[in-house]
Amino acid sequence: MSSSSLSGRTVLVTGATSGIGHQTARLLAERGATVLLHGRTAEEAHAAVDRLVTLSDVSAERLCAYGADFSRLEEVEQFAARVLAEHPHLDVLVNNAGMAAPERHTVTVDGNEIAFQVNFLAHYLLTNLLEPALTSAPGGRVVNVSSSLHRTGSIQWADPNRARRYSRLAAYAQSQLALTVFAADPRVTAVSVHPGICTTSLLPLYAHEGVSPADGAAHVVRLCDPAVEIVNGAYYDRDQRVAPAPAATEERTVKRLSKLADVLVGHTA
């Protein structure tokens, strides 16, 4: 990959303050992209920008910090409005922010199970609100950082908040399946990627050992590169395109998920 194909591009990375998101932001910036780093708070995002400027050869002019707590959809809306005002053209949105579902069933102020909201619904809302910036020129794309665990998931249509039967692993898998299904939504060109099992805060869900977050980030960055052709709805396991769970390719499921998500984020399409 030549460094030039990313230079001059504008990329927004959610969850860019640690782990794969932070390494993705670093690699993109080193290759000449303008990177918008999102963190749960503005302070965390600014600290992440400072770390990049100090520890890697990246100029501060090409980095912008944004804070938004994804467990509050109102903050997602304010965040999207700011991005649209400041960056009316966006080449890539990397939906990376994620959390492990907590031990106990937890509901956000918006009334959604927290992992489903932070990992999927907030990204669903953000992507749709940023659609004008992503489609302002041809070639805009979305990269959803998903997980191989999406294969073990099922979307509980009648009880997406899993109020009746809660298991943290099932809740996490459902959120990752939804994110993977969402890549096939026709509104913007999107793919999902399982970046490999990396030593991040999510590692305990998978294994005892993982590769470095930078290794995982390299697979994300590759899909951000306009020189790499992508097909809407495609799913990658690291650098290999593979078939996702069957639900992710069913048009009926894609439409049904959009309907459900519209209701849960309080937006009608």
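Please refer to the structure placed before this passage.
Keep in mind that what you see is a predicted model, and the values were worked out from it rather than measured.

### With respect to the layout of surface pockets
Stage number 1. One number sums up the size of the second largest pocket: a volume of about 150 Å³.
Stage number 2. As for the second largest pocket, its lining consists of Gln156, Asp159, Arg162, Arg164, Arg165, Tyr166, Ser167 and Ala170.
Stage number 3. Among the residues forming the lining of the second largest pocket, the class breakdown is 2 nonpolar, 2 polar and 4 charged.

### Some words on the packing of aromatic side chains
Each aromatic ring pair is summarised here by two numbers: the centre-to-centre distance and the angle between the ring planes.
Stage number 1. Considering all chains together, one arrives at 6 aromatic pairs under this definition.
Stage number 2. For the ring pair Tyr66 and Phe79, a centre distance of 5.6 Å and an interplane angle of 50° mean the geometry is tilted. Taken together, the positions of Tyr66 in strand β3 (residues 63–67) and Phe79 in helix α3 (residues 73–86) put the pair 13 residues apart, joining distant regions of the chain. Taken as a pair, Tyr66 and Phe79 share a single burial class, namely buried.
Stage number 3. Every member of this aromatic cluster is reached through a ring pair, and the members are Phe116, Phe120, Tyr124 and Phe182.

### Remarks on empty space enclosed by the protein
Stage number 1. Scanning the model with the defined rule gives 1 cavity of 30 Å³ or more in all.
Stage number 2. Of the volumes computed, that of the largest cavity is approximately 40 Å³.
Stage number 3. What lines the largest cavity is simply Arg9, Asp91, Val92, Gly139, Arg141, Cys224, Asp225 and Pro226.

### Structural notes on the packing of helix α4 (residues 114–129) against helix α8 (residues 251–264)
Stage number 1. Packing of α4 against α8 brings their axes to within 10 Å, and their N-to-C directions diverge by 100°. The angle between α4 and α8 falls in the class roughly perpendicular. Residues Phe116, Phe120, Leu121 and Tyr124 of α4 touch α8, and the partners they reach there are Leu257, Ser258, Ala261, Asp262 and Leu264.
Stage number 2. Classifying every residue of the contact of α4 with α8 gives 7 nonpolar, 1 polar and 1 charged.

### Some details on unusual backbone geometry
Stage number 1. Residue Arg162 is not a glycine yet carries a positive backbone phi of 50°.
Stage number 2. Checked against the element boundaries, Arg162 lands in the loop between β5 (141–145) and α6 (168–182).
Stage number 3. Positive phi is not limited to glycine here, since Arg238 has a value of about 55°.
Stage number 4. Examined against the element boundaries, Arg238 turns out to sit in the loop between β7 (235–237) and β8 (240–242).

So, how was this worked out
- Residues numbered from 1 in each chain as written.
- Predicted model: local features only at pLDDT ≥ 70, side-chain atom pairs only at ≥ 80, totals over all residues.
- Heavy atoms only, no water.
- 1 Å grid on protein atoms, 1.4 Å probe; cavity = no way out; pocket = protein on both sides within 12 Å on 5 of 7 lines; lining within 4 Å.
- Points joined across faces, edges and corners; volume = space filled by probe spheres on them.
- Nonpolar A, V, L, I, M, F, W, Y, C, P; charged D, E, K, R; others polar.
- Phe/Tyr/Trp six-rings, centres within 6.5 Å; stacked < 30°, edge-to-face > 60°.
- Helix = DSSP H or I, 4+ residues; strand = E, 2+ residues; numbered from the N terminus.
- Buried < 20%, exposed > 50% of the residue type's maximum accessible area, 1.4 Å probe, protein only.
- Axes fitted to C-alpha atoms, helices over the stretch in contact; angles between N-to-C directions.
- Parallel < 35°, antiparallel > 145°, perpendicular 65-115°, else oblique.
- Contact = heavy atoms within 4.5 Å.

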